[in-house]
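# Chains, contacts and geometry: an overview
Chain by chain, the residues run as shown.
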Amino acid sequence: MKKHFILFILIISFLFRINAQQTLLTTAERTNYDSTSTYAQVTAFLDRLQKQSPYARLDTIAVTTEGRYVPLLIIGNPLPAGPEELKNDDRIVVYLQANIHAGEVEGKEATQMLARDLLQNPKSNILKNAVVLINPILNPDGNEKFSTGNRTNQNGPASVGVRHNGQHLDLNRDALKLETPEIRGVVVNVLNKWDPAISVDCHTTNGSYHEEPTTFVWQLNPNGDRSLINYMRDKMMPDVHETLVKKYNVENVYYGIFVDRFHFEKGWLMYAAQPRYLINYIGLRNRLAILNENYVYADFKTRVNASYHFLRSILDYATQHKTEIKEMLATADRMMSDPSTRPVVFDSFAVKYKVHPIPRKMTIKAIETDTIPGVKGYRRFKQSDRHRTVTIDYLADYYSTESTPVPYAYLMTVNDRKIIRVMKEHGIRLKYLEKDTILKVESFKIDELTCAGRLYQGHYMNKVNGHSETVEKQFPVGTVIIETAQPMGRVAAYLLEPRSDDGLLKWNFFDRYLVPEWGSGVYPYPVYKLLKPAN
């Protein structure tokens, strides 16, 4: 009798939990998609999920400059106490992130809804095969600056936040320089700590006119592992596209803009390949990354629905192909970390690159553009009522047009705390010379150093021209050694190559070491390339 009573109590408790989760609605759902969540509403929603379910735990990945905690909801069955428990776990880790630009809000609502729905079915195939990390609101400071004057071209809700964070910086330009607490938190407390195999970053479009409510693209930078880029391009993303259409009835297309909005035949372009953008940075880490851009002119409810089912499609694919993905990433890490195989997979660094069409053309349900007489700039364009389906090139394959050899190691002769901090936060392994040593190295001599005439993300970005010379140089004890045969070797190269289009020299980190206080001329770049191992 006692056993039956205990079983009865457990069943009632379980049903109560399920019912509580079913009645838990996001702000968008409660307001019939007239409004989006405040920071307090998001954190309260996540806190209720944590309290109602033994399969969810709330963590913090960062504290913003205005003092708000950036949440991370960890979902698993069983729920891991920490990432160390996953070393021998066959589940795949997937990270879903939204609201990096706080006016682009449907991902914020979709990720909350998805978290709730996953916890309602803890024995689902997804939770059997995956640990899901969800961050619905990466930019809380921007989120709280609600105004009806923000993103006025967006089809609802009426009032949203702003693009920048509390420092007036764009978080999706900070993946390499790590100047914002939010992105440092993502890198240190999500990517380094949990090492997700797949990461998704949710946004809203600003560009060309078409019918499909959601778009997406994968990591693109040519200094990433080409086998991973091709896997996304040829296998995973086409599969997700088909799943969205056939299983969830959501039309979709790869992300981009028309090369010429009046001449569709010129192609559809994905224009952002630099690793300052988070998905391209994650690609340098030998992991899979996806940008989700929902169509700004679709209504809010349609965008939320599209984003929700897109994330579902990613989880469907990840759980069905978890073994294949984990083995592929382990191979990429192993090849990159072994000095004998690193040159096979990463022998040259692309300092310049050019976009090419992917192998297959894509079909898009385009809407033609009209212009408004007498209006100048971007706002002179408006959507017409003329729809036209076109099959055209998708320009999203970036290949090197000029490269430089990747060395065995970089030697840095300035022990700058900020530079060291950034490299360590990326997870780059550093060593130090234990005694003065003479080495034959490649030195970069700067012929021309200029800076931009306009500030960008708080920087007058550098433009450098120069040439390399082979020299014998004595390096003092304590010289920083950054070997490229390590998992973060591609990230290290991007930070330290002098002609990198997104490196630390570009972002002014080395400025004080380049120009003398008096007189003319420029000092040699204080990072040298040791092309081959030396005792």
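The present account deals with the structure reproduced in this document. Values in this document were obtained by computation on a predicted structure and should not be read as measured data.

### Some points on the overall build of the protein chain
Looking only at helices and strands, one finds 14 helices and 20 strands in the protein chain. Computed over the C-alpha atoms, the radius of gyration of the protein chain is 25 Å, within 12% of the 24 Å expected from 2.2 N^0.38 for a compact globule of 535 residues. With respect to the three principal axes, the spread of C-alpha positions in the protein chain is 80 × 75 × 45 Å. For the protein chain, the residues scored as buried account for 57% of the 535 residues in total. Long-range pairs, those at least 24 residues apart, make up 78% of the contacts in the protein chain between residues at least 6 apart in sequence. Carbon and sulfur atoms make up 52% of the accessible area of the protein chain, which amounts to about 22,800 Å² in all.

### Let's talk about the nonpolar core
Ranked by internal contacts, the top residues of the largest apolar core, which has 150 residues, are I198, M236 and F510. Here this core takes ten residues from helix α10 (residues 300–320), the largest share from any one element. Sequence-distant contacts of M236, that is, excluding residues within four places in its chain, are made with I198, Y231, L288, I290, I314 and Y317. Of all hydrophobic cores here, the second largest spans nine residues; its members include A409, L439, V441 and Y528.

### Notes on the pairing of strand β15 (residues 409–412)
Neither face of β15 is exposed, since A409 and L411 on one face and Y410 and M412 on the opposite face are all buried. Taken together, the four bridges between β15 and strand β19 (residues 480–483) define a ladder with antiparallel strand orientation. If you follow Y410 over to β19, its bridge partner there is I482. In this sheet, strand β20 (residues 527–530) lies alongside β15 in antiparallel orientation, the contact comprising four bridges. By the bridge assignment, Y410 is partnered in β20 with K529.

### Re helix α3 (residues 39–52)
Between its first and last C-alpha atoms α3 spans 20 Å; for 14 residues at 1.5 Å apiece the expected length is 20 Å, and the two agree. Listing the buried residues of α3 in full gives Y39, V42, F45, L46, L49 and Q52.

### Things to note about the sheet that holds strand β1 (residues 56–63)
Reading across from one edge, β1-β2-β4-β3-β5-β10-β6-β7 is the order of the eight strands in this open sheet, with mixed pairing throughout. Every other strand in the sheet has two partners, leaving β1 and β7 (252–254) as the edge strands with one partner each. Ignoring strand direction, the axes of neighbouring strands in this sheet form an average angle of 20°. Here strand β5 (residues 198–204) runs beside strand β10 (residues 288–294); their pairing, made up of seven bridges, is parallel. Looking at the pairing, I198 lines up with L288 of β10. Across the sheet, helix α7 (residues 181–194) touches β1, β2 (69–75), β3 (92–97), β4 (130–135) and β5, and the angle it forms with β1 is around 135°. Where α10 meets the sheet, its contacts fall on β3, β4, β5, β6 (214–218) and β10, and the angle it forms with β5 comes to roughly 170°.

### Quick word on the sheet that holds strand β8 (residues 257–258)
Read from one edge of the open sheet, four strands run β8-β9-β14-β11, paired in mixed fashion. Each end of this open sheet is capped by a strand with a single partner; those strands are β8 and β11 (348–357). Relative to strand β14 (residues 394–405), β11 runs antiparallel, the two being bridged by nine bridges. Note on β14: the bridge partner recorded for H356 is D397.

### Side note on helix α8 (residues 226–246)
Across its 21 residues, α8 extends 29 Å between first and last C-alpha, which sits within 8% of the 30 Å expected from 1.5 Å per residue. Of all the bends found along α8, the most pronounced is centred on M232 and spans about 40°.

### Remarks on the pattern of salt bridges
Taken as a whole, this structure holds 39 salt bridges when the rule is applied. The partner of K177 in a salt bridge is D174, and the shortest N-O contact between them spans 3.0 Å. Here D174 falls in the buried class, since its relative accessible area comes to 0%. What you see here is one network of salt bridges that share partners, running through E104, R151, R163, D170 and R173.

### So, the packing of aromatic side chains
Counted according to the given criterion, the structure contains 18 aromatic pairs. Ring plane angle 55° and centroid distance 5.2 Å describe the contact between Y209 and Y297, whose orientation is recorded as tilted. Highlighted residues: Y209 in the loop between β5 and β6 and Y297 in the loop between β10 and α10, separated in sequence by 88 residues. By relative accessible area, which is 4% here, Y209 ends up buried. Residue Y297 is classed as partly exposed on the basis of its relative accessible area of 22%.

Conventions used here
- Residues numbered from 1 in each chain as written.
- Predicted model: local features only at pLDDT ≥ 70, side-chain atom pairs only at ≥ 80, totals over all residues.
- Heavy atoms only, no water.
- Helix = DSSP H or I, 4+ residues; strand = E, 2+ residues; numbered from the N terminus.
- Rg over C-alpha atoms; globule rule 2.2 N^0.38 Å.
- Buried < 20%, exposed > 50% of the residue type's maximum accessible area, 1.4 Å probe, protein only.
- Contact = heavy atoms within 4.5 Å.
- Areas by Shrake-Rupley, 256 points an atom, 1.4 Å probe, with all protein chains shown as cover.
- Core = buried A, V, L, I, M, F, W, Y, C linked by side-chain atoms within 4.5 Å.
- Pairing = 2+ DSSP bridges.
- Expected span 1.5 Å × (residues − 1).
- Axes fitted to C-alpha atoms, helices over the stretch in contact; angles between N-to-C directions.
- Bend = angle between axes of the 7 residues up to and from the residue.
- Salt bridge = Lys/Arg side-chain N within 4 Å of Asp/Glu carboxyl O.
- Phe/Tyr/Trp six-rings, centres within 6.5 Å; stacked < 30°, edge-to-face > 60°.

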